[in-house]
Amino acid sequence: MLRDSQYYFRLHQVRPRFKNDIENVLLYVATEISKLETQSLDNFNYLLFNAIRLYTGNATKEAKTIDNWRTEIAALFGFIIEDNINNIGKAGEIAKKLAEEQDLVQFFKYFLFYFQYPGGHIKSYKLKEVIDNEIKFKPAQYFLRVLEAGEKLTGKRFSLNKAEATHFIYNDLRVTRDNCNPDEVVERILQNRENQIELDWQGDIIRYAGDILDYMVIADLLVQHASDYYINWGIRETITAFLDSQLWFSGYDHLFGTNFNVNVLKPIEDNWYRYVNKDLGDELFKTDVLKYLGIEEDAYSRLISGAISDLTKNFDPDNVKHTKEIGDFGENLIVGHESMRVKIGGREDLIHLIKKIPTSFAVGYDIQSVELDAKKRYIEVKATISNKSLNFYNFHLTPNEWSTAETLRESYFVYRLMISKVDRKLFVLKDPVGNYKKDTIRMSPRNGADIVFKEESGEWKELLIWKQ
């Protein structure tokens, strides 16, 4: 069909070898990159190579595989800002943001918002082909426009599958070059469905458009049912921002219609990575965790204000219930968990002792809790949010947090909270310093302590939600 037509042109992008573990890998690598200082590009890449080698399962992999991970992460996700003229490398703002906020859903929104053809994520010879074919295409935006148009034309929910996204959008110059009206694409898809024409579903064929659809699910832009992808109108404000965006990297535009050599692309590539690391300047893409998890605001407010009678002395629940910060939300869930733990233990009289400690106090922990015998329990919360259940056994303690853990020992706990739509996992690690001395966790001193733990290091606990 289209493969043999005048409109066929197959788009490519980097496909990470770690795609099946992409969320865990990106969290880890973003954290490692954000620790690296600005330095010579060669040394930056050498240190990053060694950090990737330390990722679980990579110790025995060949150097070429590790180096491929490094280049794929740099090329596709823009984690590194390179100055090839002066041979300097530094951590990109997008890597720092992911490392600091631990919000993968937000990260993939940013990534997809910027992602376009032509872009610096493509190898030079492929990029030249894109420019020579005068392609200007933003995949995530166009997918959303087709889905929106499909709903308007059919008057019901409309979906795409990976084969349709590939053959009718990704590999069709009427879309990628000519920017045809999305209604036309919907009509072609509906006609194809009516005629029951079988599309090519081979993995090598549909992988590139398919990857973008999968990334859009991680970003919460789409919801997936079986092989079908639907627009997620639950985040209408974000969807509208994608649909209406005029954002475009114009660095390659002057090359359209000219006979240029690929050597001119390298300096533009440096500008591309600066572009994808721009701050959008607003809170639009922060994950609204309440909406994401389907928790009503009034129920969340009760969880906070009802669990702790004197919380308002240091903490304003009216402000909390509107927060979109992953860290704050995770800490507040743990406040509810601790309150419920004490209540179930028959010591409801101790709930008033459970307090969230303001960050400005810098005490080395987030929550002061209590044991059933009224002894103090000090809790540092490490929360991460993702679209699917994570298997993430790493976290970082600041120098102050590690020092506090060393002082408090068995009274100090790290609650590793992993929030996803699939489930909410809570791993409780008691006395990290003691665990380190017993060799049940791995600790690397790096501006504090990088911790890698195992299931034997602590306990998985059911996350308890506060109920009056």
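Not measured: the values here are computed from a predicted model. (Residues numbered from 1 in each chain as written. Predicted model: local features only at pLDDT ≥ 70, side-chain atom pairs only at ≥ 80, totals over all residues. Heavy atoms only, no water.)

K.L.:
A description of the overall build of the protein should follow, citing residues and the corresponding values.
P.N.:
Check the secondary structure of the protein and you find 19 helices and 15 strands. Within the protein, the fraction of its 468 residues that count as buried is 56%. Counting only carbon and sulfur atoms, one obtains 47% of the accessible surface of the protein, whose full area is about 20900 Å². (Helix = DSSP H or I, 4+ residues; strand = E, 2+ residues; numbered from the N terminus. Buried < 20%, exposed > 50% of the residue type's maximum accessible area, 1.4 Å probe, protein only. Areas by Shrake-Rupley, 256 points an atom, 1.4 Å probe, with all protein chains shown as cover.)

K.L.:
Requested: an account of the packing of helix 8 (residues 162–170) against helix 10 (residues 182–195), with residues and values cited.
P.N.:
Their axes nearest at 10 Å, the elements helix 8 and helix 10 cross at an angle of 130°. Relative to helix 10, the element helix 8 lies oblique. Where helix 8 crosses over helix 10, the two elements pack in a sense that is right-handed. Seen from helix 8, the contacting residues are Glu164, Phe168 and Ile169; seen from helix 10, they are Val185, Arg188, Ile189, Asn192 and Arg193. Class assignment for the residues of the contact of helix 8 with helix 10 results in four nonpolar, one polar and three charged. (Axes fitted to C-alpha atoms, helices over the stretch in contact; angles between N-to-C directions. Parallel < 35°, antiparallel > 145°, perpendicular 65-115°, else oblique. Left-handed = near helix turned anticlockwise from the far one by under 90°. Contact = heavy atoms within 4.5 Å. Nonpolar A, V, L, I, M, F, W, Y, C, P; charged D, E, K, R; others polar.)

K.L.:
So what's going on with the side chain of Arg416? Which residues, and what values?
P.N.:
With respect to the helices and strands, Arg416 occurs in strand 11 (residues 412–419). A polar atom in the side chain of Arg416 sits 2.9 Å from the side chain of Thr384. Arg416 has contacts with Gln102, Lys382, Ala383, Thr384, Phe392, Asn394, Phe395, Lys425, Leu426, Phe427 and Phe453, leaving out every residue within four places of it along the chain. (Polar contact = N/O pair within 3.5 Å; in protein donor to acceptor, adjacent residues only side chain to side chain.)

K.L.:
Tell me about unusual backbone geometry, and name the residues and values.
P.N.:
In this chain, Tyr117 is followed by Pro118 through a cis amide linkage whose omega measures 0°. Looking at where Pro118 falls in the secondary structure, it is placed in the loop between helix 5 (104–114) and helix 6 (124–132).

K.L.:
Give me the lowdown on the sheet that holds strand 3 (residues 88–91), citing residues and values where you can.
P.N.:
In space, the three strands of this open sheet follow the order 1-3-2, with antiparallel pairing throughout. The sheet is open, and its two borders are formed by strand 1 (39–40) and strand 2 (80–83), each paired with just one other strand. Note that strand 1 and strand 3 share two bridges and pair antiparallel. Bridge pairing in strand 3 places Gln39 opposite Gly89. (Pairing = 2+ DSSP bridges.)

K.L.:
So what's going on with the environment of Glu151? Which residues, and what values?
P.N.:
Positionally, Glu151 belongs in helix 7 (residues 139–154). In the structure, Glu151 is positioned 35 residues away from Val186 in sequence and 9.4 Å away in space, judged by C-alpha atoms. Discounting residues that sit within four places of it in the chain, Glu151 has contacts with Lys156, Arg157, Phe158, Ile231 and Trp233. Separated by 2.9 Å, the side chains of Glu151 and Trp233 make a polar contact.

K.L.:
Requested: an account of the side chain of Glu101, with residues and values cited.
P.N.:
In this structure, Glu101 sits in helix 4 (residues 93–101). Among the polar contacts listed, one links the side chain of Glu101 to the side chain of Gln106, at a separation of 3.0 Å.

K.L.:
Hey, could you go over the pattern of salt bridges for me, with residue numbers and the actual values?
P.N.:
Counted under the stated rule, the structure contains 29 salt bridges. Here Arg377 and Glu371 are joined by a salt bridge, their closest N and O atoms 2.9 Å apart. In this structure, Arg377 and Glu371 share a single accessibility class: buried. Bridged by salt links that share partners, the residues Arg15, Lys19, Lys162, Asp211 and Asp214 form one connected network. (Salt bridge = Lys/Arg side-chain N within 4 Å of Asp/Glu carboxyl O.)

K.L.:
If you had to explain the nonpolar core to someone new, which residues and values would you point to?
P.N.:
Counting 105 residues, the largest nonpolar core has Leu26, Phe77, Phe79, Phe108, Leu112, Tyr170 and Tyr215 as the members making the most contacts within it. It is helix 11 (residues 203–218) that provides the largest number of residues to this core, a total of ten residues. If sequence neighbours within four positions are ignored, Phe77 has contacts with Pro16, Ile22, Leu26, Glu72, Ile94, Phe107, Phe108, Phe111 and Tyr215. Formed by 24 residues, the second largest nonpolar core is a distinct cluster that contains Val370, Leu417, Leu426 and Val428. (Core = buried A, V, L, I, M, F, W, Y, C linked by side-chain atoms within 4.5 Å.)

K.L.:
Mind laying out the sheet that holds strand 5 (residues 222–225), listing which residues take part and the relevant values?
P.N.:
Taking strand neighbours across the sheet as the criterion, the three strands line up as 4-6-5 in an open arrangement whose pairing is antiparallel. Unpaired on one side and paired on the other, strand 4 (159–160) and strand 5 mark the two borders of the sheet.

K.L.:
I'd like a rundown of the environment of Phe395, residues and numbers included.
P.N.:
Note that Phe395 resides in strand 10 (residues 394–397). Here Phe395 falls in the buried class, since its relative accessible area comes to 8%. Along the chain, Phe395 and Tyr28 lie 367 residues apart, while their C-alpha atoms are 9.0 Å from each other. Contact partners of Phe395, with chain neighbours within four places excluded, come to Lys382, Val414, Arg416, Leu429, Ala449, Asp450, Ile451 and Phe453.

K.L.:
Go over the packing of helix 4 against helix 5, please, and point to the residues and values.
P.N.:
Contact geometry of helix 4 with helix 5 gives a least axis separation of 9 Å together with a crossing angle of 165°. If you check the angle between helix 4 and helix 5, you find them roughly antiparallel. Helix-helix and strand crossings are classified by hand; for helix 4 and helix 5 the assignment is right-handed. Residues Ile94, Lys97, Leu98 and Glu101 of helix 4 touch helix 5, and the partners they reach there are Leu104, Gln106, Phe107 and Tyr110. Per-class residue counts for the contact of helix 4 with helix 5 are five nonpolar, one polar and two charged.

K.L.:
Run through the pairing of strand 12 (residues 424–430), naming residues and quoting values.
P.N.:
Where strand 11 lies against strand 12, seven bridges are found, and the strand directions are antiparallel. For Val414, the partnering residue across the bridge sits in strand 12 and is Leu429. Once strand 11 ends, the chain turns through four residues before running back antiparallel as strand 12. Bridge count for strand 12 against strand 15 (residues 459–461) is three bridges, and the pairing is antiparallel. Residue Leu426 lies in a different strand from strand 15, and its bridge partner there is Lys461.

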